Amino acid sequence: EDQVTQSPEALRLQEGESSSLNCSYTVSGLRGLFWYRQDPGKGPEFLFTLYSAGEEKEKERLKATLTKKESFLHITAPKPEDSATYLCAVHTMDSNYQLIWGAGTKLIIKP
Amino acid sequence: KAGVTQTPRYLIKTRGQQVTLSCSPISGHRSVSWYQQTPGQGLQFLFEYFSETQRNKGNFPGRFSGRQFSNSRSEMNVSTLELGDSALYLCASSFGSGLSTDTQYFGPGTRLTVL
């Protein structure tokens with residue numbers, strides 16, 4: 001069964017303290033991996049799509065990387081405004097247009 | 001380019017009532033997916049519509065239904081509301097091509113509270 005697992009569930013960092021969030025997946029065939037950011041009470045905001053192992057994408061303080069089994073979202077020198085829940089989802093060969101979602105990592109950046 | 005819009009943004013209902021939520025996708029998008037999100041839960045997939053046809057369905061009871069119109073706007077309906085239906089209901093639109101480049105874009109959500 002296709003599965004997406006995100007870790008940790010929650011992460012508290014001091015402002016400026018870099019870290020990484022993990023999204024591991026067990027799927028029959030990966031077509032794309034998506035990262036979203038969600039603020040409380042709002043809809044998820046699209047960040048990145050990754051398609052193949054070795055691919056990397058960057059946006060401001062965020063950098064997403066992909067291997068054959070997992071993806072990392074690296075946050076460099078985070079600011080309090082980076083506090084949010086980060087969601088990962090995969091599109092697979094067998095998912096029939098659906099995305100399979102992880103439960104998310106709640107990131108809190110303390111000033 | 002206008003984003004995904006959802007109406008209403010907030011709704012309060014009582015048990016046993018029914019509710020209809022609306023979603024207008026990004027212009028040119030033909031797929032609309034609906035999700036339920038409750039505290040501590042990830043996104044729970046309800047159903048997806050493409051070109052007025054339900055293409056995928058999640059594991060929710062028949063009280064949850066939806067439809068899509070010829071202009072790609074979609075509505076979802078929940079009948080006989082239960083307390084556990086209180087949640088943030090999210091709509092996402094995409095081209096619906098099934099290509100790996102097809103990205104879902106979300107609306108702001110409708111916060112439903114059932115009393």
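Details of the structure are given in the entry above.
Heads up: these notes are all about the structure in this document. (Residues numbered from 1 in each chain as written. Chains lettered and ligands numbered in written order. Predicted model: local features only at pLDDT ≥ 70, side-chain atom pairs only at ≥ 80, totals over all residues. Heavy atoms only, no water.)

Taken together, the contacts link 25 residues of chain B with 19 residues of chain A. In total, about 1,700 Å² of surface goes out of reach between chain B and chain A, with carbon and sulfur atoms giving 54% of it. For the pair chain B and chain A, the interface holds three residue pairs in polar contact (both at pLDDT 80 or more). Broken down by secondary-structure element, the contributors of at least two residues to the side of chain B that touches chain A are strand S4 (31-37), strand S5 (44-50), strand S6 (53-57), strand S9 (87-94) and strand S10 (105-106) of chain B. Looking at the side of chain B that touches chain A, its residues break down into nine nonpolar, 11 polar and five charged. (Contact = heavy atoms within 4.5 Å. Buried area = accessible area lost by both parts, 1.4 Å probe. Polar contact = N/O pair within 3.5 Å; in protein donor to acceptor, adjacent residues only side chain to side chain. Helix = DSSP H or I, 4+ residues; strand = E, 2+ residues; numbered from the N terminus. Nonpolar A, V, L, I, M, F, W, Y, C, P; charged D, E, K, R; others polar.)

Attention now moves to the layout of surface pockets. Of the volumes computed, that of the largest pocket is approximately 560 Å³. Taken together, 22 residues line the largest pocket, and the ones lying closest to its centre are A:Gln38, A:Thr85, B:Gln37, B:Gly40 and B:Gln41. Among the elements of the structure, strand S9 (84-92) and strand S11 (105-110) of chain A are those that each provide at least two residues to the lining of the largest pocket. In terms of residue class, the lining of the largest pocket is built from eight nonpolar, 10 polar and four charged. (1 Å grid on protein atoms, 1.4 Å probe; cavity = no way out; pocket = protein on both sides within 12 Å on 5 of 7 lines; lining within 4 Å. Points joined across faces, edges and corners; volume = space filled by probe spheres on them.)

Residues and elements named next belong to chain B. Pairing is antiparallel across the open sheet formed by four strands, whose spatial order is S1-S3-S8-S7. The two strands at the open ends of the sheet, each matched to only one other strand, are strand S1 (5-7) and strand S7 (64-68). Strand-to-strand twist in this sheet, taken as the mean axis angle between neighbours without regard to direction, amounts to 20 degrees. (Pairing = 2+ DSSP bridges. Axes fitted to C-alpha atoms, helices over the stretch in contact; angles between N-to-C directions.)

Treat this as a map of the structure, not an account of what it does.
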